[in-house]
Amino acid sequence: MRMILLGKPGGGKGTQATLLKEHLDVPQISTGDILREAVKNGTPLGKEAKNYMDAGKLVPDDLIRGLVEERLSQDDIGKGFIFDGFPRTLAQAEGLKKIADKLGISIDKAVYIDVPTDKIVKRLSGRRSCACGAVYHIESKRPKIEGVCDACSGKLYQRDDDKEDVIKQRIEQYEAQTMPLIDYYRKEGKLVTIDGDQDIDEVFNDIKRGLGI
Ligand code: AMP
């Protein structure tokens, strides 16, 4: 299964991608995680991306296309992959098509996790992250010990772009740049829409049902 997860920031893409990765035994490719790692390691990509990320703006398409092409050339994607947070613009979707054509593959499904905007601010401002990739929420998905990751015992932190002033910018960015992708994949006959305003397990079950997996 080669799939894309679409939806607003904080709409549950990362959480569902982690569950789907286990279920399907394919890698989860999160451009946000790859960029955060690059920023942490101070690579040239990280240095270029940091200012955009801190401001809640999208990193330029050519940088993203380069990192996706490199990721898809690795040899662990034979059984498929789950994109989480990519594509985010029409240009990225077209770029993905070109890369996939070159590799002789195609995207099977785009799952759109639909969550109302008023729920997003609450979700994002309460989100706490771990460097290992695990994500929690101060109300709906608490770790067993406050501030400590269940998976690796790392210290949880609030992402700089999960603070309220940046959240607003990210939502505007999503509406202007990413929302058109819903129609794009609908026209391609690949769109599966899921009600994301439910418990994590219910969303996951709906996705499995929608994909027939
Ligand atoms: P995320 O973890 O997916 O919310 O991404 C965090 C930040 O990384 C975004 O606000 C963007 O600045 C950047 N980013 C991640 N994925 C992309 C992408 N596909 N295109 C452009 N910017 C991205």
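These numbers come from a predicted model, not from an experiment.

Calculation criteria
Residues numbered from 1 in each chain as written. Predicted model: local features only at pLDDT ≥ 70, side-chain atom pairs only at ≥ 80, totals over all residues. Heavy atoms only, no water. Salt bridge = Lys/Arg side-chain N within 4 Å of Asp/Glu carboxyl O. Helix = DSSP H or I, 4+ residues; strand = E, 2+ residues; numbered from the N terminus. Buried < 20%, exposed > 50% of the residue type's maximum accessible area, 1.4 Å probe, protein only. Near = heavy atom within 4 Å. Polar contact = N/O pair within 3.5 Å; in protein donor to acceptor, adjacent residues only side chain to side chain. Areas by Shrake-Rupley, 256 points an atom, 1.4 Å probe, with all protein chains shown as cover. Nonpolar A, V, L, I, M, F, W, Y, C, P; charged D, E, K, R; others polar. Phe/Tyr/Trp six-rings, centres within 6.5 Å; stacked < 30°, edge-to-face > 60°. Lys NZ or Arg CZ within 6 Å of the ring centre and 35° of its normal.

## Describing the pattern of salt bridges
Enumeration according to the criterion identifies 18 salt bridges in this entry. In this structure, Lys 102 and Glu 69 form a salt bridge, with 2.6 Å as the shortest nitrogen-oxygen distance. Taken together, the positions of Lys 102 in helix 5 (residues 90-103) and Glu 69 in helix 4 (residues 61-72) put the pair 33 residues apart, joining distant regions of the chain. With a relative accessible area of 66%, Lys 102 lands in the exposed category. Exposure remark for Glu 69: the relative accessible area of 30% places this residue in the partly exposed category. Put simply, Glu 172 and Lys 168 hold a salt bridge, and the shortest N to O gap is 3.4 Å. Pair noted here: Glu 172 and Lys 168 are both in helix 7 (residues 164-178), with a separation of four residues, about one helical turn. The class of Lys 168 is exposed, set by a relative accessible area of 55%. The structure contains a network of salt bridges with shared partners spanning Arg 127, Arg 159, Asp 161, Asp 162 and Arg 170.

## A closer look at the site of the ligand
Around the ligand, 16 residues are found, and the nearest of them are Thr 31, Arg 36, Lys 57, Gly 85 and Gln 92. In the model, a nitrogen atom of the ligand is placed 2.8 Å from a nitrogen or oxygen of the Thr 31 side chain. Val 59 is positioned such that a nitrogen or oxygen atom in its backbone is 3.0 Å from a nitrogen atom of the ligand. For the ligand, the accessible surface in isolation is 480 Å², of which the surrounding protein chains cover 95%. Classifying every residue of the shell around the ligand by side-chain character gives six nonpolar, four polar and six charged.

## What about the packing of aromatic side chains?
In total, this model carries three aromatic pairs according to the counting rule given. For the ring pair Phe 81 and Phe 83, a centre distance of 5.2 Å and an interplane angle of 65 degrees mean the geometry is edge-to-face. Like Phe 83, Phe 81 is buried. A centroid spacing of 4.9 Å and a plane angle of 55 degrees characterise the contact between Phe 83 and Phe 86, whose relative ring orientation is tilted. With relative accessibility at 1%, the residue Phe 83 sits in the buried group. Here the aromatic cluster, defined as three or more aromatic residues joined through ring pairs, consists of Phe 81, Phe 83 and Phe 86. Over the face of the ring belonging to Tyr 136 we find Lys 141, whose NZ or CZ atom lies 5.5 Å from the ring centre.

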